[in-house]
Amino acid sequence: MSDALPLLLRAARGEQVERPPVWMMRQAGRYMKIYRDLRDKYPSFRERSENPDLSYEISMQPFNAFQPDGVILFSDILTPLPGMGIDFDIIESKGPQINDPIRSLAQVEALRPLVPTETMPFVGEVLGRLRSSVGNQAAVLGFVGAPWTLAAYVVEGKSSKNYAVIKAMAFREPELLHKLLNHFAESIATYLRYQIDSGAQVVQMFDSWAGELSPADYDTFAAPYQRKVVELVKQTHPDTPMILYISGSAGVLERMGRTGVDFISLDWTVDMADGCARLPHHLGVQGNVDPGLLFGTPEAIRARIDDTVRKARGRRHILNLGHGILPGTPEENGAAFFEAGKTVMDRIGARV
């Protein structure tokens, strides 16, 4: 039916679908030549993500090339920070840089509540344009960083290998960290509501660095604030499916399932069958092909997709990678992933 809702949205809502929908984390980006050419012309990441014309163009590049079932906003989890009073930059070879890391109570108390309509109108504009452009051919996805991961960046000031600075704050000044996490939870919920109001039909929360926490510390510093974001968003937008992704999540998988989200996105270190067995049946699963496999052959990609989909059978399932597609991935292998995902039921048979 031409007026049917997008496949990904129907699957995310738990409706019977003809196949698992497929998209890729970081599908707009460095593996595509068209993106690299645009990056060379506009070397500032913040310009590419905050100029609505550029963000829209980049968001649409993989849709135009591969017709994935989801089109995700080209942005960054740090994009809302300036609206709270935290400036940042992203250096191509070094990643995010925050020149004035948050280390004191005075800095936390000086943070501003996020008002996306005033500080990030470009996000709403891009989401609206994406929704208009793709119609029901694909679902429009929004995303945010979870409170713990945002806090890790702003306290460390950059990416980290051991997260010693924020862990020192967690274990020496827990009240200070909880105050920061609560500010982020409220701001991120506001930001998600804004994305949904602007056109996002499904949203994903990335707690990229929560896998660096022990299960006990996850329960203290990550899960309560993930849950707060979910509860605040569900108060106003109860029907918008929410996905949670954590890199290195094997040790906290069951805990993720108790945060109130609708889908758990598995990384590739968890077997899909094991992940399904460890999560309540009402939860959907996303993932979880190893992005490194996309350096292999089309035959290997097809075989892994078939195995993943078989193991997720009987569950709400969105086919994806277990992390973002890696720079340097052959573009034709990105195409092979999407093609194999769309034809998987022809090979393994039966409805999802």
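Fair warning: this is a prediction, and the values are worked out from it, not measured in the lab.

When helices and strands are counted, the protein shows 18 helices and 9 strands. If one aligns the C-alpha atoms of the protein with their principal axes, the spans along those axes are about 60 × 45 × 40 Å. For the protein, the residues scored as buried account for 57% of the 352 residues in total. Pairs at least 24 residues apart make up 73% of the contacts formed inside the protein by residues separated by at least 6 positions.

Next up on the list: the sheet that holds strand 1 (residues 70-72). If you walk across this open sheet you meet the 7 strands as 1-4-5-6-7-8-9, and the pairing is parallel. Each end of this open sheet is capped by a strand with a single partner; those strands are strand 1 and strand 9 (317-321). For this sheet, the mean angle separating the axes of adjacent strands, direction not counted, is 25°. Where strand 7 (residues 263-265) and strand 8 (residues 284-289) come together, 3 bridges link them in parallel fashion. Across the sheet, the residue bridging to Ile 264 is Val 285, located in strand 8.

Counting buried residues along helix 9 (residues 147-156), 10 of its 10 residues qualify, which places the element largely inside the surrounding structure. Restricting attention to buried positions, one finds in helix 9 the residues Pro 147, Trp 148, Thr 149, Leu 150, Ala 151, Ala 152, Tyr 153, Val 154, Val 155 and Glu 156. Positive phi appears at Gly 157, one or two residues downstream of helix 9, with a value of about 90°.

Here we take up the packing of aromatic side chains. By convention here, two paired aromatic rings are described through the distance between centres and the angle between planes. Considering all chains together, one arrives at 11 aromatic pairs under this definition. Considering the side-chain rings of Trp 148 and Phe 221, the 6.3 Å spacing of their centres and the 40° angle between planes classify their relative orientation as tilted. You can see Trp 148 sitting in helix 9 and its partner Phe 221 sitting in helix 12 (residues 215-221), a full 73 residues away along the chain. Residue classification places Trp 148 among the buried positions, given a relative accessible area of 1%. With relative accessibility at 4%, the residue Phe 221 sits in the buried group. An aromatic cluster is built from Tyr 31, Phe 66, Phe 337 and Phe 338, whose rings are joined through pairwise contacts. In this arrangement the basic side chain of Arg 46 is found over the ring face of Phe 88, its NZ or CZ atom lying 4.6 Å from the centre. The lysine or arginine in question, Arg 129, covers the ring of Tyr 56, its NZ or CZ lying 4.4 Å from the ring centre.

Cut-offs applied
- Residues numbered from 1 in each chain as written.
- Predicted model: local features only at pLDDT ≥ 70, side-chain atom pairs only at ≥ 80, totals over all residues.
- Heavy atoms only, no water.
- Helix = DSSP H or I, 4+ residues; strand = E, 2+ residues; numbered from the N terminus.
- Buried < 20%, exposed > 50% of the residue type's maximum accessible area, 1.4 Å probe, protein only.
- Contact = heavy atoms within 4.5 Å.
- Pairing = 2+ DSSP bridges.
- Axes fitted to C-alpha atoms, helices over the stretch in contact; angles between N-to-C directions.
- Phe/Tyr/Trp six-rings, centres within 6.5 Å; stacked < 30°, edge-to-face > 60°.
- Lys NZ or Arg CZ within 6 Å of the ring centre and 35° of its normal.

Function cannot be inferred from these measures alone, as they are strictly geometric.
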